[in-house]
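Close look at the chain arrangement
The primary structure of each chain is shown beneath.
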Amino acid sequence: MKLKHFLLTLTMATTLLFTACKKDKEDDSTTTDDGVNEEFVMPTGEPAKVMGKWQVASITTNNHFAGVDHIETYNGTAADYAEFKNSGKLHTFFQGVLDVSNFTVRSATQITIDGDPADIKVLTDSKLVIYDKDKTGTFGFTEITYDLKK
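Residues numbered from 1 in each chain as written. Predicted model: local features only at pLDDT ≥ 70, side-chain atom pairs only at ≥ 80, totals over all residues. Heavy atoms only, no water.

Along the chain, the regular secondary structure elements total one helix and 11 strands. For the chain, buried positions account for 46% of its 150 residues. Taking as baseline every contact in the chain between residues at least 6 positions apart, the subset at least 24 positions apart corresponds to 53%. In the structure as shown, the chain presents an accessible area of about 7600 Å², 56% of it carried by carbon and sulfur atoms. (Helix = DSSP H or I, 4+ residues; strand = E, 2+ residues; numbered from the N terminus. Buried < 20%, exposed > 50% of the residue type's maximum accessible area, 1.4 Å probe, protein only. Contact = heavy atoms within 4.5 Å. Areas by Shrake-Rupley, 256 points an atom, 1.4 Å probe, with all protein chains shown as cover.)

Okay, structure coming up:
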């Protein structure tokens, strides 16, 4: 639920705050949506490209409701970043705010952040694109695309 809260915060903020929700108890495990507690495992092979520090190129949010897309794009600054650490922690820094989340790279196409799954659309040595889509009840859905670069 943390990522959904994170995504909702981004959606509601006119400047698209790139922060993640901090867990009350900081440990190296993540509880998934289905309640399973998992330990961080260092990714290998292609998924290992996620690791390290990425600059925010852009964040695009689409709030689709009443049958209409409402798209906003935030272009990152030199200070904005997301850092996937070997400890299983994701540090995000955006507009002067540092936040920490747990993450697990499931494959070269899937990642879980604070228990919420998202798709990895692009993963190269210099580009990472993460996509998430959440239904907002009967009102529609929210899509967020994080375009990160090294």
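Here the focus is the packing of aromatic side chains. Under the defined criterion, the tally for this structure stands at three aromatic pairs. An angle of 75° between the planes, with centres 4.8 Å apart, marks the rings of tyrosine 74 and phenylalanine 94 as edge-to-face. Taken together, the positions of tyrosine 74 in strand 4 (residues 68–75) and phenylalanine 94 in strand 6 (residues 89–94) put the pair 20 residues apart, joining distant regions of the chain. Classification of tyrosine 74 as buried rests on a relative accessible area of 13%. Their ring planes at 15° and their centres at 5.7 Å tell us that tyrosine 81 and phenylalanine 93 sit as a pair that is stacked. Within this pair, whereas tyrosine 81 is found in strand 5 (residues 81–84), its partner phenylalanine 93 is found in strand 6, the two being separated by 12 residues in sequence. The class of tyrosine 81 is buried, set by a relative accessible area of 18%. It is lysine 133 that lies over the ring of phenylalanine 141; its NZ or CZ is 4.2 Å from the centre. Across from the ring centre of tryptophan 54, 4.6 Å away, lies the NZ or CZ of lysine 150, which sits over that ring. (Phe/Tyr/Trp six-rings, centres within 6.5 Å; stacked < 30°, edge-to-face > 60°. Lys NZ or Arg CZ within 6 Å of the ring centre and 35° of its normal.)

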